Amino acid sequence: MWKKLYEVLSRLLALTQKVERHDKEILGLQQEVKNLTAVVQRLVYEIQRISDRETHERDKMQLQLENQLVRFERRLPPAVKDEDNNETN
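It should be emphasised that the depicted structure is a prediction, and the values quoted were computed from it without experimental measurement.

Cut-offs and rules
Residues numbered from 1 in each chain as written. Predicted model: local features only at pLDDT ≥ 70, side-chain atom pairs only at ≥ 80, totals over all residues. Heavy atoms only, no water. Helix = DSSP H or I, 4+ residues; strand = E, 2+ residues; numbered from the N terminus. Rg over C-alpha atoms; globule rule 2.2 N^0.38 Å. Buried < 20%, exposed > 50% of the residue type's maximum accessible area, 1.4 Å probe, protein only. Areas by Shrake-Rupley, 256 points an atom, 1.4 Å probe, with all protein chains shown as cover. Lys, Arg positive; Asp, Glu negative; His and termini not counted. Charge placed at Lys NZ, Arg CZ, Asp CG, Glu CD. Salt bridge = Lys/Arg side-chain N within 4 Å of Asp/Glu carboxyl O. Patch = residues over 30% accessible without salt bridge, like charges linked within 9 Å, V, L, I, M, F, W, Y side chains within 5 Å.

Colleague: Would you mind showing me how to read the overall build of the protein here?
Modeller: Each helix and strand counted, the protein has two helices and zero strands in total. Relative to its length of 89 residues, the protein is extended, with a C-alpha radius of gyration of 38 Å against a globular reference of 12 Å. Summarising its shape, the C-alpha atoms of the protein cover approximately 130 × 20 × 10 Å along the three principal directions. In the protein, which comprises 89 residues, the share counted as buried stands at 0%. As presented, the protein carries roughly 9300 Å² of accessible surface, and 59% of it is formed by carbon and sulfur atoms. Distance between charge centres in the protein, computed from 16 positive and 16 negative side chains, equals 17 Å.

Written out as structure tokens, the structure is:
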């Protein structure tokens, strides 16, 4: 009987130690998850900033192209209608 009681108590002690060790590991893992969450949030923020910057760059390039087209069109002579061409021939 004493032997069984000793075995039960030793198993209980071993289980208690395992539970304490697991609790510490869980706390460490929770901290790692918090750190990873913060890193992911920063990455999402940076990706959004890059996306916004690229959108602004595309818009700026489009406006520059439109501006160049307008300047080019101003240099062209005015279009002559076909009716004017037929009368001069």
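Colleague: Is there a simple way to think about the pattern of salt bridges in this case?
Modeller: Between side chains of opposite charge, a pair can form as their charged atoms come close. Under the counting rule described, the total for this entry stands at two salt bridges. For Glu46, the salt bridge identified is with Arg49, shortest N-O distance 3.4 Å. Here the residue Glu46 and the residue Arg49 both occupy positions in helix 1 (residues 2-75), the gap between them amounting to three residues, near one helical turn. A salt bridge links Lys60 to Glu57; the nearest nitrogen and oxygen atoms lie 3.6 Å apart.

Colleague: Would you take a moment to explain a nonpolar patch on the surface for this structure?
Modeller: Together, Trp2, Leu5, Leu9 and Leu12 line one region of the surface with nonpolar side chains, adding up to about 480 Å² of accessible area. Here Trp2 falls in the exposed class, since its relative accessible area comes to 72%.

Colleague: Even after reading the chapter, I still don't get the environment of Tyr6, so can you show me in this structure?
Modeller: For Tyr6, the position within the fold is in helix 1. In this structure Tyr6 comes out as exposed when scored by relative accessible area, which is 60%.

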